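Structure assessment
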Amino acid sequence: MAFYLGVMSGTSLDGLDIALIEHHEQPRLLATHYLPMPADLRQELLGLCASGPDEIARAALTENRWASLAAEGIKHLLAAQGLAPEAIRAIGSHGQTIRHEPARGFTVQIGNPALLAELTGICVVGDFRRRDVAAGGQGAPLVPAFHEALFSHIGQRLAVLNIGGFSNLSLIDQATPVHGFDCGPGNVLLDAWIERKHALPYDADGAWAASGTVIESLLSRLLADPFFAGSGPKSTGREVFNLPWLDSHLAELTTYRDEDVQATLLELTARSIVDSLRNAQTGTEAVLVCGGGARNGTLMRRLAAMLPGVQVASTAAHGIDPDWVEAMAFAWLAHCCLEGIPANRPSVTAAKGLRVLGAIYPA
C-alpha cells in the first residue's frame, strides 16, 4: 500500500486540482485540495498557447510559478491530513499543456517537475505524454487505461466520458482492449464565449445556453471541421478549437443573438460526443461522465436525451467525485511509472506499442 499525489491544471485553467490516493489493488481517493489559478498566471499560460515574443523565457518563468503554486497546495493538503512528505511515494504532475501537435511530432507540458521535487521534498513523475508521441502516438488521451482500471469491474459495455476543456471517451468492453479518443471541444468554447460576452469564467449549469436556441446553419458549419470526420485515434487542443476559429464561422452570419451562439456551442459539444460514441461502440449500456461538464445540467440532460436507453450519469453514481477523476489518474500514472507498468494503450493513441510513461525526478 502506498500514497500518491496527482496534480493537474486542465484546459479551463481555472485552478490546480490535487488528489491524494492510496494504491493497493485499486486506487482509492483519500483527500483533495483545489487552488484557484491567479488571474495573471492564467493569462500568461493562455498566452503561451500561441507564438509570441520571448516565449522561451516566458515559459520558463511561468512554469516556475506553476510549480510553486502546486507546491503550496501540496503542503496545505499534507498538513490537513497530518502527513509528512516522506509518507508520499510520488507526485504525478501533469503540468499545463501549452502546445499539442502530435501530427508534427510534439506535445509540450510545462510545470518544472524538478523544481516541484525541490520545493516539496517528494519524488515527482512528470512529462507523461512525450514518450507516447515519440512512439508514434497521439500522446492523448492518457486516461482510458486508468478508467479501465477504475471501472471495468462494472461489467457493462461502458463509456467513460471526460468533459474538461475538451471531451474524450474511454470505451470499455470486456471482450476487447480499451479504446478511446478526443471527441472535440468540451467546455473550452462555452467558457471562452461567456467570458467574452459576460466576463464570467463558465456558464453555471448551462443556464445561459438553455436560454438560447441552436443556430442550425452555424452548427452545420462547425461540425464540418475535418476533425469531426476522423475516427480515433485522434486528439485535439486549443491549436484547432479557439475563439478565432469560432469567429471565422460567425462571420458567415448576418445576425445572431449571443445566447443562441452559446446554445449552439453546447449542442456542438453534445453532438460531437454522441456521434463519436455511436460510430465507435454499438450497444453502449452506460455513460459515466467526469470533469467539469458533469456539473452542467443542461449538457447532461441533452446527452441523456440523445442517448435513449443508455444510462447517463456522473461517476459519482459509482462513488468517484467527477471533479477529481483526472487528478487521480495522474497519481495512478506515477504509480505505473515507478513500477515499470506500461500505461499508454496503442488502441487509444496509435503508438507503436506499450510504453512506460513519465520522467522521474527523485526527492
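Residues numbered from 1 in each chain as written. Predicted model: local features only at pLDDT ≥ 70, side-chain atom pairs only at ≥ 80, totals over all residues. Heavy atoms only, no water.

Helices and strands together make up the secondary structure of the protein chain, namely 14 helices and 12 strands. The principal-axis extent of the C-alpha atoms belonging to the protein chain is close to 60 × 50 × 40 Å. Scored against the burial criterion, the 363 residues of the protein chain give a buried share of 54%. Considering only contacts within the protein chain whose residues lie at least 6 apart along the sequence, 69% involve residues at least 24 apart. (Helix = DSSP H or I, 4+ residues; strand = E, 2+ residues; numbered from the N terminus. Buried < 20%, exposed > 50% of the residue type's maximum accessible area, 1.4 Å probe, protein only. Contact = heavy atoms within 4.5 Å.)

A separate point is the side chain of His 147. Along the chain, His 147 falls in helix α5 (residues 144-151). According to the relative accessible area criterion, His 147 is buried, its value standing at 1%. Ignoring any residue separated from it by four or fewer positions in sequence, one finds His 147 in contact with Ser 152, Val 160, Ser 170, Ile 172, Cys 290 and Val 325.

This chain's UniProt record puts "binding site: ATP" (unreviewed entry) on Gly 10, Thr 11, Ser 12, Leu 13, Asp 14, Gly 15, Leu 16 and Asp 17. Its place among the elements puts Thr 11 in the loop between β1 (2-8) and β2 (15-23). Residue contacts for Thr 11: discarding those within four places in its chain leaves Gly 165, Phe 166, Val 188 and Arg 238. Take Ser 12: it is sitting in the loop between β1 and β2. On the basis of relative accessibility, which here comes to 25%, the residue Ser 12 falls in the partly exposed class. In contact with Ser 12, other than residues within four places in its own chain, are Arg 42, Asp 191 and Arg 238. (UniProt positions renumbered as here; feature names shortened; annotations may be inferred.)

Turning our attention to the packing of helix α6 (residues 188-198) against helix α10 (residues 243-250). The N-to-C vectors of α6 and α10 enclose an angle of 75 degrees; their axes lie 10 Å apart at closest approach. Between α6 and α10, the angle falls in the class roughly perpendicular. Contact residues: α6 offers Leu 189, Ala 192, Trp 193 and Arg 196, while α10 offers Leu 243, Trp 245, Leu 246, Asp 247 and Leu 250. Here the contact of α6 with α10 is built from residues that sort into 7 nonpolar, no polar and 2 charged. (Axes fitted to C-alpha atoms, helices over the stretch in contact; angles between N-to-C directions. Parallel < 35°, antiparallel > 145°, perpendicular 65-115°, else oblique. Nonpolar A, V, L, I, M, F, W, Y, C, P; charged D, E, K, R; others polar.)

On to helix α8 (residues 216-223), then. Looking at α8, one finds that the buried residues are Leu 218, Leu 219 and Leu 222. The buried side chains of α8 occupy one side of the element, clustering within an arc of 100 degrees when seen end-on. (Arc of directions from axis to C-beta.)

Turning our attention to the environment of Pro 27. Turning to its location among the elements, Pro 27 is positioned in strand β3 (residues 27-36). Pro 27 sits 301 residues away from Met 328 along the chain, and the two C-alpha atoms are 8.0 Å apart. Aside from chain neighbours lying at most four places away, what touches Pro 27 is Ile 21, Glu 22, Phe 146, Leu 150, Met 328 and Trp 332.

Turning our attention to the pairing of strand β9 (residues 176-185). For β9, the tally of buried residues reaches 7 of 10 residues, placing the bulk of the element in the interior. Bridge analysis of strand β8 (residues 166-173) against β9 gives 7 bridges, and the strand direction is antiparallel. By the bridge assignment for β9, Leu 171 is matched with His 179. Linking β8 to β9, which pair antiparallel, is a turn of 2 residues. (Pairing = 2+ DSSP bridges.)

In terms of nonpolar packing, the biggest core is built from 45 residues, with Leu 161, Leu 169, Trp 193, Leu 246, Leu 265, Val 287 and Leu 303 touching the most fellow members. Ranked by residue count, the leading element in this core is helix α11 (residues 258-280), at 8 residues. (Core = buried A, V, L, I, M, F, W, Y, C linked by side-chain atoms within 4.5 Å.)

This paragraph deals with the environment of Asp 173. Structurally, Asp 173 is set in strand β8. Among the residues examined, Asp 173 registers a relative accessible area of 17% and is labelled buried. Asp 173 sits 111 residues away from Thr 284 along the chain, and the two C-alpha atoms are 9.1 Å apart. In contact with Asp 173, other than residues within four places in its own chain, are Arg 157 and Gln 281.

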